[in-house]
Amino acid sequence: MKMENTVNNIFKVDYDFEAVRAVEPVNEPERQYYYMEKAAEVYKLICENAGKRLTFNCNTFGCQMNFRDSEKIAGILEKIGFENTEDKSPDFVILNTCTIRENADQKVYGNLGYLKKLKELNPNMIIALCGCMMQETTVVQKLRESYSFIDLIYGTHNIYKLAELVFAMFALKSYAAHHPVKKNGKYKIKHSMLVDIWKDTDKIVEDLPDERKYSFKASVNITYGCDNFCTYCIVPYVRGRERSRRPGDIVKEVKCLADAGVIEIMLLGQNVNSYGKGLEGEKGEPVTFANLLRMVEKVEGIKRIRFMTPHPKDFSDELIEVIADSEKICKHIHLPFQAGSNNVLRRMNRRYTKESYLELAGKIKTRIPDIALTTDIIVGFPGETEEDFEDTLDVVKEVRYQSAYMFEYSKRTGTPAATMEDQVDAEAVKRRFKRLQDTVAEYADDKFGNKVGCMAEVLAEEVNSEEPLIITGRMSDNTLVHFKVPTDNKEDYIGKLLKVKITENCRFYLMGELS
Ligand code: 5AD
Ligand code: SF4
């Protein structure tokens, strides 16, 4: 028979997929370990057909939450056997998507255009999409209709199930290769897209493998999802309801990381300081973020603790005290305020006022004088007037942030703000955005200047790719420091806390010399 796209189909394997499914374990994580083992068996057969080991590349968009998820994806795929590669044309591409603003979506569609061409050249290439964007029904519908070459789509809630999904995808591909269909007198292998999206979950699956990007610093999830429902934000819809991991599980993970040589921990959550809702301590006491920090602080070997992101409405006095008294918690707080006008804040459903935010920022600065504050600001929220915008500038001038992430408001379908009247004119948004940038720069906290001539403790993070003998690291307050090292063995310094003499203030970073 005459075959099209059947040449060299590497997925045609002799394997009893049904027998494997018939005895699958019910409980997690055993079930996923079982599927990792079975997917590894199939992977070997596919590699034999291909005559090489198959590679994967996970391309991550968005926030630290997504980057952490990608470490879990890498862990599972490596366990199956795939080789992690930076190559632009791997055998298995995963796009871990973000949908926080419109341009995040655009980047993914741009990538898909490029991948379509690659797949035309190599029909055996596997393309998977996961992450926040996949939780939007309209997106998945569009992908089904216009990007039918994708092999696997899954969401944010079932990321732990990746081994099982890869196994199911192998089964589909093998079946299709064994059963080509006749179309216009020619035999073709039918392509199918495997889609598994969950609306929500209350599940947290612990103890799955992961492949950490760094050996000396690590992110640790403490909460998943978000219950705040800020009216501009898509996160509660794509990441589900807020769930806190048990403190024991978190501390166990931090201890393991410390044993493996990690010295800096980043505690991650959409709203870290509401951590513990719905949990009870051993004696029935409430579980709070402040208490969790105390526990993590006790872990030997951990030298620095960071967290991202706290919400101003949940920032307790107790939390300020814990940070102030701690030797390990870094002197940097990212405290998004989004907008200065009470009117806008109310319509954003932020549940604080300009006055209460300024009071909080003031309290933090008084109690922890060496703290660096950074923030997120949205310009052009629906109905924002020039007067409202002046309130935003007031906050910037009064708090004096070290730096700020500034965003033009982006309409996200499905959020309450998307249907609000008075969407702000694009010209006005551009004008305000520029003014905001200038104001943030003009009023930026000039701690940088004060540091010249001082000794700073810097965690050496990476070797500068352009400048020989230069290492880039961070101080406790997150200031970026580039410093020279005397030898060629630059790698020896990475992951170490070093004393660096600050020699120059370059506005966005400092230069220094190893002392
Ligand atoms: N438009 C613009 N910025 C947004 N953010 C969240 N949703 C939107 C949106 N629809 C910003 C907020 C948040 C940061 C992660 O992204 O400032 O703190
Ligand atoms: Fe983007 Fe939000 Fe998802 Fe992070 S949680 S990847 S910011 S949509």
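Each chain has its residues counted from 1, running along the sequence as written. Lettering of chains starts at A and numbering of ligands starts at 1, both following the order in which they are written. In keeping with the model being predicted, local features are shown solely for residues with a pLDDT of at least 70 and side-chain atom pairs are shown and tallied solely at 80 or more, while totals for entire chains, interfaces and linings include all residues. Based on all heavy atoms of the structure, the side-chain values leave hydrogens and waters out of the count.

As recorded by an unreviewed UniProt entry, the chain carries the name tRNA-2-methylthio-N(6)-dimethylallyladenosine synthase and is attributed to Catonella morbi ATCC 51271. Comment text from UniProt for the chain, heading Subcellular location (unreviewed entry), reads "Cytoplasm". UniProt positions are given in the numbering used here, feature names are shortened, and annotations may be inferred rather than shown by experiment. According to the UniProt record, the Catalytic activity (unreviewed entry) comment for the chain reads "N(6)-dimethylallyladenosine(37) in tRNA + (sulfur carrier)-SH + AH2 + 2 S-adenosyl-L-methionine = 2-methylsulfanyl-N(6)-dimethylallyladenosine(37) in tRNA + (sulfur carrier)-H + 5'-deoxyadenosine + L-methionine + A + S-adenosyl-L-homocysteine + 2 H(+)".

Undergrad: Which residues make up the domain arrangement of the chain, and what values go with them?
TA: Considered domain by domain, the chain is made up of domain 1 (17-196), domain 2 (214-328), domain 3 (331-447) and domain 4 (454-514). Centre-to-centre separation of domain 1 and domain 3, based on C-alpha positions: 39 Å. Residues are treated as being in contact if the distance between any of their heavy atoms lies within 4.5 Å. Across the boundary between the two partners, domain 1 contributes 6 residues, which contact 5 residues of domain 3. Taken together, the two surfaces of domain 1 and domain 3 that pack against each other cover about 420 Å², and 38% of this comes from carbon and sulfur. For any pair of parts, buried area is found by adding up, for both, the accessible area (1.4 Å probe) each one loses once the two are put together. Of all residues in domain 1, Arg101, Glu102 and Glu136 give up the largest surface area on contact with domain 3, accounting jointly for 75% of the area buried on that side. Within this document, salt bridges are pairs made up of a side-chain nitrogen of Lys or Arg and a carboxyl oxygen of Asp or Glu, the two lying within 4 Å of each other. Remark: the boundary between domain 1 and domain 3 carries 1 salt bridge. The split into domains, and so the bounds of each, comes from an automatic or database assignment of domains.

Undergrad: Mind laying out the pairing of strand E19 (residues 470-474), listing which residues take part and the relevant values?
TA: Burial classification: accessible surface area is computed with a 1.4 Å probe over protein chains only, and a residue below 20% of its type maximum counts as buried, one above 50% as exposed, and the rest as partly exposed. Only DSSP runs of H or I covering at least 4 residues are called helices, and only runs of E covering at least 2 are called strands; the numbering of each starts at the N terminus. Taken across its 5 residues, E19 has 4 buried, putting it largely inside the fold. In this description, strands pair whenever DSSP reports at least two bridges between them. Between strand E18 (residues 455-463) and E19, which pair antiparallel and follow one another directly, the connecting turn spans 6 residues, one of which, Leu469, has a positive phi of 65 degrees. Two elements, E19 and strand E20 (residues 480-484), share 5 bridges in a ladder whose sense is antiparallel. Note on E20: the bridge partner recorded for Gly473 is Val481.

Undergrad: Talk me through the packing of aromatic side chains; I want residue IDs and the actual numbers.
TA: Side-chain rings of Phe, Tyr and Trp (the six-membered ring for Trp) are treated as a pair once their centres are within 6.5 Å; stacked means planes under 30 degrees apart, edge-to-face means over 60, and tilted covers the remaining angles. What the rule picks out here adds up to 19 aromatic pairs. Their ring planes at 55 degrees and their centres at 5.2 Å tell us that Tyr35 and Phe167 sit as a pair that is tilted. Taken together, the positions of Tyr35 in helix H2 (residues 30-50) and Phe167 in helix H6 (residues 162-178) put the pair 132 residues apart, joining distant regions of the chain. As far as the burial class goes, Tyr35 and Phe167 line up, both buried. Taking the centre distance of 5.9 Å and the plane angle of 40 degrees together, the rings of Tyr352 and Tyr357 count as tilted.

Undergrad: Which residues make up the site of ligand 2, and what values do they have?
TA: All residues adjacent to ligand 2 are Cys63, Asn66, Cys98, Thr99, Ile100, Cys132, Val235, Arg239 and Gln270. Residue classes follow a fixed rule: Ala, Val, Leu, Ile, Met, Phe, Trp, Tyr, Cys and Pro count as nonpolar, while Asp, Glu, Lys and Arg count as charged, and any other residue, Gly among them, counts as polar. Class assignment of the residues belonging to the shell around ligand 2 gives a composition of 5 nonpolar, 3 polar and 1 charged. Proximity is defined per residue: if any heavy atom of the residue lies within 4 Å of a molecule or strand, that residue is considered near it.

Undergrad: Describe the nonpolar core, and please don't skip the residues or the numbers.
TA: Here, nonpolar core means buried Ala, Val, Leu, Ile, Met, Phe, Trp, Tyr and Cys residues that are tied together by side-chain atoms lying within 4.5 Å of each other. If you look at the biggest cluster of nonpolar residues, it comprises 70 residues, and the most contacted ones within it are Leu267, Phe289 and Ile364. Mapped onto the domain boundaries, this core takes at least three residues apiece from domain 2 (214-328) and domain 3 (331-447). When sequence neighbours within four positions are dropped, the list of residues in contact with Leu267 reads Val220, Ile222, Val272, Phe289, Leu292, Leu293, Val296, Ile305, Arg306, Phe307 and Met308. One finds Ile126, Cys130, Ile159 and Tyr160 within the second-largest nonpolar core, a separate group that totals 43 residues.

Undergrad: An account of the site of ligand 1 is needed here, citing residue identities and associated values.
TA: Neighbouring ligand 1 are the residues Ile100, Arg101, Tyr232, Gln338, Asp376, Ile378, Phe407, Glu408, Tyr409, Ser410 and Arg412. Polar contact is the term for a pair of N or O atoms within 3.5 Å; when the atoms are in protein, one must be able to donate a hydrogen and the other to accept it, and sequence-neighboring residues count only if both atoms are side-chain atoms. Within the backbone of Ser410, a nitrogen or oxygen atom sits 2.8 Å from a nitrogen atom of ligand 1. In isolation ligand 1 has 400 Å² of accessible area, and contact with the protein removes 86% of it. When residues of the shell around ligand 1 are traced back to their parent elements, those giving at least two are strand E16 (372-379) and strand E17 (403-408). Shrake-Rupley sampling with a 1.4 Å probe provides the accessible areas, and residues are treated as covered by the protein chains on show and by no other component.

Undergrad: Before we move on, could you go through the UniProt feature "domain: MTTase N-terminal" (unreviewed entry) in the chain and cite the residues and values that matter?
TA: This chain's UniProt record puts "domain: MTTase N-terminal" (unreviewed entry) on residues 54-171. Across residues 54-171, helical content stands at 48% and strand content at 19%; the span's end C-alpha atoms are separated by 17 Å.

Undergrad: Please set out the UniProt feature "domain: TRAM" (unreviewed entry) in the chain residue by residue, giving values where relevant.
TA: The UniProt feature table records "domain: TRAM" (unreviewed entry) at residues 449-515. Regarding residues 449-515, the helix share stands at 3% and the strand share at 49%, and the terminal C-alpha atoms are separated by 19 Å.

Undergrad: Got a sec to walk through the pairing of strand E4 (residues 92-97)? Specific residues and values, please.
TA: Among the 6 residues that make up E4, 6 are buried, leaving the element largely enclosed by the rest of the structure. Taking every second residue as pointing to the same face, both faces of E4 are buried, with Phe92, Ile94 and Asn96 on one and Val93, Leu95 and Thr97 on the other. Summarising the sheet, E4 and strand E5 (residues 126-131) pair through 6 bridges and their orientation is parallel. Across the sheet, the residue bridging to Val93 is Ile127, located in E5. For the handedness criterion, the strands are oriented away from the viewer, and a crossover whose path from the first strand over the helix to the second runs clockwise is classed as right-handed. Between the parallel elements E4 and E5, the chain passes through helix H4 (residues 102-121) in a crossover that is right-handed.

Undergrad: Now, about the sheet that holds strand E15 (residues 332-334): what can you tell me, with residues and values included?
TA: On the basis of which strands lie adjacent, the open sheet formed by 3 strands has the order E15-E16-E17 and parallel pairing. The open sheet has two edge strands, E15 and E17, and neither has a second partner. Between one strand axis and the next, the sheet turns by 10 degrees as a mean value, whatever way the strands run. Note that E16 and E17 share 6 bridges and pair parallel. Its bridge partner being in E17, Ile377 is matched across the sheet by Met406. The angle between two axes is taken between their N-to-C directions and runs from 0 to 180 degrees, where each axis is a line fitted to C-alpha atoms and a helix contributes only its stretch in contact.

Undergrad: So what's going on with the side chain of Ser244? Residues and values would help.
TA: Note on placement: Ser244 falls in strand E12 (residues 243-244). Polar contacts involving the side chain of Ser244 include one to the main-chain amide nitrogen of Gly276, which spans 3.0 Å. Beyond its immediate chain neighbours, meaning those up to four positions away, Ser244 contacts Ile204, Ile222, Thr223, Tyr275, Gly276, Lys277 and Leu279.

Undergrad: Can you lay out the pattern of salt bridges for me, pointing to particular residues and giving the numbers?
TA: Using the criterion set out here, one finds 40 salt bridges in the structure. A salt bridge links Glu461 to Lys217, with the shortest nitrogen-to-oxygen separation between them at 2.9 Å. Note that Glu461 is positioned in strand E18 and Lys217 in strand E10 (residues 217-221), a separation of 244 residues in sequence. The salt bridge involving Lys354 is made with Asp391; its shortest N-O contact spans 2.9 Å. Of this pair, Lys354 sits in helix H12 (residues 354-367) while Asp391 is found in helix H13 (residues 386-399), placing the two residues 37 residues apart along the sequence. Classification of Lys354 as buried rests on a relative accessible area of 14%. Through salt bridges with shared partners, one network takes in Arg68, Glu71, Glu206, Asp210, Arg212, Arg245 and Glu253.

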